[in-house]
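Spelled out, the chains give:
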Amino acid sequence: MQRRKFLKNSGLTAAGMVSAPLLGSCKNDAKSDVDGKIIVPNKPIVVCTWDFKNASAKAWEVLNTGGSALDAVEQGVRIEEADVNNETVGKGGRPDRDGNVTLDACIMDKDSNCGAVVYLQNIAHPISVARKVMEETPHIILAGKGAEQFAYAQGFEKEDLLTESTKAQYQEWLKTSKYETPINIENHDTIGMLAIDEKGDLAGACTTSGMAYKMAGRVGDSPIIGAGLFIDNEVGGATATGVGEEVVRTVGSFLIVELMRQGKSPQEACEEGVKRIMKKNEGRKDFQIGFLAINKRGQTGAYCVHPGFSYRRYDQRGHENITSDSFLKT
Ligand code: ASP
C-alpha cells in the first residue's frame, strides 16, 4: 500500500521506472529496428491503410509537435475525407445504389472511449462527428438521420457529398446496375489510422463511404468497434480495409489485438486474422481484406488476401509506403 502510494505520487509505475531511461534514449535513436529487435518503444508513430501520404503527414505533424494520438488520427483522416479525388472516403465518396452518399466512421482512444456514426449523409467529416458522439453523448453509435441531426446541433454544415465525377460514374453504373464486390487493389480505399503519441498512448480512427453502389442502409466493418478498428492501450491497435462483411464475421480488429495480447507480433497477428477469414471462405478468391496493426512498442505489421495492399508508416526516421505480404500470391 505504502509503495503503491509512493509510486503514484512520484508519477512512476514499476514499469515506468525500468523503461524511463530507455525511453529517453529512444527519442533520437533513428536507427532502432521497429520491425525486429526493438527494445524500446518507437514513438511517436502513425500508420495508415494504403498510401495516404498527406493524411499520415498531417497526423505526424500533430504528433511531432507534442499532440495527442487522438488529435493526430482525427486530423489525419480528415485530409482524406476532404479530398474529393478520394472516391471511397468522405466528400466525393461513391454513392449507394440509390445515388446517396452514406458515410461510416469510428474513433477510439487510450481509455477505450469510442464513438461512431453509421449511414451518415450530407456531412463531410464523419470522423469528427464520431468524436463528438464519443465526447458529448452517453452513447457510442449514432445512425442515419439521428446522427445527421446531432451533427447539425454540433455546428457541422450540410454539404452535397456527390461530385460531378461520382455522379457521372453512378449514372454509368445505372445502365447495368450490376452489384458486385470488386477486389479493390487500387491504392486508395477506406482509411484506417493508428497512432502512438509521445506519452506512449494509442488512438485510432477509421472512415469510409463503404462499398460503392451498396444496398441502401448497408453498413460495413469500418464504423464497428472491434471490426474495422480496435485499440487497447495496454496492447496495441488494429484496423481493416476491404469487404467489410468478412471483417465483421471475424470481429477482425479485436481478434488481432487479442492475438497480440497473447504474444504474437503485429505481423503474425495480421496473418492469423486473414487466415481465419480464408478458412471460413474455402475456395473463395473474389474479395480483398487488408489488416494493419501496431503494438504498444511501435512495431507494425500488415497482411492481406490479394497482393496490392500497402500501408504508410511515419515515425522519427521519416515516412515510407510498405507493401503488405498477401495470402494469395497472384
Ligand atoms: N471496409 C469498407 C466497407 O466494407 C470498404 C473498404 O474498405 O473497401 O464498407
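Residues numbered from 1 in each chain as written. Predicted model: local features only at pLDDT ≥ 70, side-chain atom pairs only at ≥ 80, totals over all residues. Heavy atoms only, no water.

Novice: What's the story with the packing of aromatic side chains in this structure? I'm lost.
Specialist: Here the distance between the centres and the angle between the planes together describe a pair of aromatic rings. Per the stated rule, a full pass over the model turns up 6 aromatic pairs. With a centroid separation of 6.1 Å and 20° between ring planes, the pair formed by Tyr-170 and Trp-173 is classed as stacked. Taken as a pair, Tyr-170 and Trp-173 lie in helix H7 (residues 164–174) at a separation of 3 residues, close to a single helical turn. A residue is classified by how much of its surface remains accessible, and Trp-173, at 12% relative accessible area, is buried. Centroid distance Phe-230 to Phe-254: 5.0 Å. Interplanar angle 85°. Geometry classified as edge-to-face. Remark: Phe-254 occurs in helix H9 (residues 252–261) and Phe-230 occurs in strand S7 (residues 229–232); sequence separation between them is 24 residues. Under the relative-accessibility criterion, Phe-254 is labelled partly exposed at 33%. The structure contains a cluster of three or more aromatic residues connected by ring pairs, namely Tyr-170, Trp-173 and Tyr-213. (Phe/Tyr/Trp six-rings, centres within 6.5 Å; stacked < 30°, edge-to-face > 60°. Helix = DSSP H or I, 4+ residues; strand = E, 2+ residues; numbered from the N terminus. Buried < 20%, exposed > 50% of the residue type's maximum accessible area, 1.4 Å probe, protein only.)

Novice: I'm lost on the site of the ligand in this one. Help?
Specialist: Within the structure, the ligand sits among Asp-189, Thr-190, Gly-210, Met-211, Arg-218, Gly-220, Asp-221, Ser-222, Thr-241, Gly-242 and Gly-244. In the environment of the ligand, an oxygen atom lies 2.6 Å from a nitrogen or oxygen atom belonging to the side chain of Thr-190. A distance of 2.9 Å separates an oxygen atom of the ligand from a polar atom in the side chain of Thr-241. Contact with the protein chains hides 94% of the accessible area of the ligand, taken as 270 Å² for the molecule alone. (Near = heavy atom within 4 Å. Polar contact = N/O pair within 3.5 Å; in protein donor to acceptor, adjacent residues only side chain to side chain. Areas by Shrake-Rupley, 256 points an atom, 1.4 Å probe, with all protein chains shown as cover.)

Novice: What exactly am I supposed to notice about helix H6 (residues 144–153) here?
Specialist: Think of an α-helix as 3.6 residues a turn; residues three or four steps apart then line up on the same face. The complete set of buried residues in H6 reads Gly-144, Ala-147, Glu-148, Phe-150 and Ala-151. Buried residues of H6 fall within an arc of 160° about the axis and therefore sit on the same side. Turned more than 90 degrees from where H6 packs its buried face, Lys-145 and Ala-153 sit exposed. Close packing links the buried residues of H6 with strand S3 (114–120), helix H5 (126–136) and strand S4 (141–143). One or two residues past the end of H6 sits Gly-155, with phi positive at roughly 100°. (Arc of directions from axis to C-beta. Contact = heavy atoms within 4.5 Å.)

Novice: How should I be thinking about the pattern of salt bridges in this particular structure?
Specialist: Pairing between side chains becomes possible if they bear opposite charge and their charged atoms approach one another. For the structure on display, the rule yields 21 salt bridges. Between Asp-286 and Arg-284 there is a salt bridge whose closest N-O contact spans 2.7 Å. Under the relative-accessibility criterion, Asp-286 is labelled partly exposed at 38%. Residue class for Arg-284 comes out partly exposed when judged on its relative accessible area of 29%. When the shortest N-O distance is used, the salt bridge between Arg-313 and Glu-320 registers 3.4 Å. According to the relative accessible area criterion, Glu-320 is partly exposed, its value standing at 41%. When salt bridges that share partners are traced, they join Asp-71, Glu-74, Arg-131 and Glu-135 into one network. (Salt bridge = Lys/Arg side-chain N within 4 Å of Asp/Glu carboxyl O.)

Novice: Explain the nonpolar core here, please?
Specialist: The nonpolar side chains of soluble globular proteins are, as a tendency, buried together. Ranked by internal contacts, the top residues of the largest apolar core, which has 80 residues, are Met-193 and Phe-291. Core analysis: the second largest hydrophobic core is formed by 5 residues, Leu-103, Ala-124, Leu-161 and Leu-162 among them. (Core = buried A, V, L, I, M, F, W, Y, C linked by side-chain atoms within 4.5 Å.)

Novice: What exactly am I supposed to notice about the sheet that holds strand S12 (residues 318–323) here?
Specialist: Across a sheet, paired strands are connected by hydrogen bonds in the backbone, their directions being either parallel or antiparallel. Taking strand neighbours across the sheet as the criterion, the 8 strands line up as S4-S3-S2-S6-S5-S1-S11-S12 in an open arrangement whose pairing is mixed. Lying at the two open borders of the sheet, with one neighbouring strand each, are S4 and S12. Geometrically, the sheet is characterised by an average inter-axis angle of 10° between neighbouring strands, direction not taken into account. Across 6 bridges, the pairing between strand S11 (residues 310–315) and S12 is antiparallel. (Pairing = 2+ DSSP bridges. Axes fitted to C-alpha atoms, helices over the stretch in contact; angles between N-to-C directions.)

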